Structures are given as structure tokens and as C-alpha cells.
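Residue-level structural notes
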Amino acid sequence: MATVNLNGQYRDGGGGAASGSGGSCSSSSQYPIQGKKDQWIKLNVGGTCFLTTKTTLSRDPNSFLSRLIQEDSDLISDRDETGAYLIDRDPRYFAPVLNYLRHGKLVLDGFSEEGILEEAEFYNVTHLIGLLKDSIARREQRPAADKKRVYRVLQCQENELTQMVSTMSDGWRFEQLINIGTSYNYGAEENAEFLCVVSKECANTLIGRENESNDRAKVLQQKGSRM
């Protein structure tokens, strides 16, 4: 059996489910016996131990992991003191790659797709690479469909208009100004009141909170266009 000083560690067993991820690779057991009956493989990925089977690691015959466990492997490899294959990669993102080889499904479980893709490309798990790239592409196309423009109405006096419009931030932009008349007289000076309609693109998850102001703003826009 060969071992590798690379990005991943695994342990392989004949036809059995793989178990174990995380924790120390220390063990009181002897090195696995070399031979045809030796179906379990132990991997030390970045200091974390993984136990799996040859069957699992051979699911993609062209992958680095499949090549690693071949008796005539062309990969230069090292082992730790327990006999585990040494692979210098991030163990967090190796776990989703190994689980994909176990059951053929991409389970993100809170992991970054880009992080898993980096490891899938290193281990050359071809079909998983395709799944991740498709998933990332769908995610990047999603925002345009998931966003909607919402509106808010701000009431202000004439002498506040310039400052309010110049300080708008966080994606808000000016849409329309509606004169609603004079609010009060101060000496001989009249102070006009305005409604300022502003808008912003928001994710659909936030739309519910904006519905009321959205509807009011549209009514005011229609009213203002007739003034």
C-alpha cells in the first residue's frame, strides 16, 4: 500500500461503509496487513484522520485517491506513525469530497462551494467538479431573479432636501419629489413640505417588510405625476 504527502487522507475497506472523520490518527493497532484482503484505508489529511474503503476511493478511477491506493501506484507517498497516508490538505473540505465518493451526492452542509471545488480539483474527482461548477453558476444567476425594487417615502422640509439627497447611501436612490404644500409660517417665510420617494433593490427575503412602504410610494408617485 502506498501513502502520499499530499492533500488528503483516506482509509479504504472492501465493500464496507467508511467511518470516522476528525480526531487524532494515533492508534494502538498494528499497521494494516498488506495483501488482497486489506480493504481498509486510513488517511491523515492535514492532521485529521479519515477511515474509508478501497471501494469508496476507487469510485472515480482517474482520481488522485484511486491512483494512490493502487499496488503499482506511480505516486510518491509517505505515511505517518500509524501507517496512514499523509496528505497535506484542508481536512474540512476533504470530508464533503469523501462523502461524495461514498454516496454519490453533493452535500454542502454549510460549506463553501468554492472551498469544496478547490479540493475536488486537487483530487481530480471529475463528476463532483462538474456538480460544483453547475451549483456555483446557478447561485450566481439567482440574485437577479431574487431581487426586487422596493420604495420608501421620506417627509422633509424644503431646507432639508439638499442634505437628505446628498447623504443617501446603502443602495438607496432618489426617485421622485412631491410637494405637499406649506406646513407652517415662520415670520414672513413659508416652509414647504415635501415627500421624497427613494428606492432600492432588495432580496426577496426582505420584500415582506417593505410591502407597505412600497405600495404607499407607488400611490404617491401616481399622485405626484398628476400635480
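Description of the structure in this document.

About the cut-offs
Residues numbered from 1 in each chain as written. Predicted model: local features only at pLDDT ≥ 70, side-chain atom pairs only at ≥ 80, totals over all residues. Heavy atoms only, no water. Helix = DSSP H or I, 4+ residues; strand = E, 2+ residues; numbered from the N terminus. Buried < 20%, exposed > 50% of the residue type's maximum accessible area, 1.4 Å probe, protein only. Contact = heavy atoms within 4.5 Å. Phe/Tyr/Trp six-rings, centres within 6.5 Å; stacked < 30°, edge-to-face > 60°. Core = buried A, V, L, I, M, F, W, Y, C linked by side-chain atoms within 4.5 Å. Salt bridge = Lys/Arg side-chain N within 4 Å of Asp/Glu carboxyl O. Polar contact = N/O pair within 3.5 Å; in protein donor to acceptor, adjacent residues only side chain to side chain.

**Some details on the overall build of the protein chain**
Each helix and strand in the protein chain was counted, giving 7 helices and 7 strands. Across the 227 residues that make up the protein chain, the buried fraction comes to 40%. For the protein chain, the proportion of contacts with a sequence separation of at least 24, taken over those separated by at least 6, is 72%.

**Here's the deal with the environment of H103**
As for its placement among the helices and strands, H103 is situated in helix α3 (residues 91-103). Separated by 47 residues in the primary sequence, H103 and T56 have C-alpha atoms spaced 8.7 Å apart.

**Things to note about the packing of aromatic side chains**
Applying the stated criterion across every chain, the model contains 6 aromatic pairs. Judged by centre distance (5.9 Å) and plane angle (40°), the ring pair of F64 and Y123 falls under tilted. Of this pair, F64 sits in helix α2 (residues 64-68) while Y123 sits in helix α4 (residues 113-123), and the two are 59 residues apart along the sequence. Among the residues examined, Y123 registers a relative accessible area of 0% and is labelled buried.

**Section: the nonpolar core**
Core analysis: the biggest nonpolar cluster contains 27 residues, and L43, L57, L65, I87, F94 and Y123 have the highest contact counts within it. Of all elements in the fold, only β2 (40-45), α2, β4 (85-87), α3, α4 and α5 (126-146) reach the threshold of two or more residues within this core. No other element matches α3, which puts 6 residues into this core. Of all hydrophobic cores here, the second largest spans 10 residues; its members include C156, L161, M164 and C196.

**So, the pattern of salt bridges**
One pass over the structure, following the stated rule, counts 6 salt bridges. The salt bridge partner of R139 is E113, with a shortest N-O separation of 2.7 Å. Of this pair, R139 sits in helix α5 while E113 is found in helix α4, placing the two residues 26 residues apart along the sequence. Relative accessible area serves as the criterion here: at 30%, R139 is assigned to the partly exposed category.

**Regarding the environment of G171**
Along the chain, G171 falls in the loop between α6 (161-166) and β6 (173-186). On the basis of relative accessible area, G171 is assigned to the exposed category, the value being 57%. Linking G171 and V198, residues 27 residues apart in sequence, is a C-alpha distance of 10.0 Å. Those residues in contact with G171 that lie beyond four places of it in its chain are S199 and K200.

**Side note on α4**
Turning to α4, its buried residues are E113, G115, I116, L117, E119, A120 and Y123. For α4, the N-terminal capping position is held by S112, with its side-chain oxygen 3.2 Å away from the main-chain nitrogen of E114. A positive phi of about 55° marks N124, the residue just after α4.

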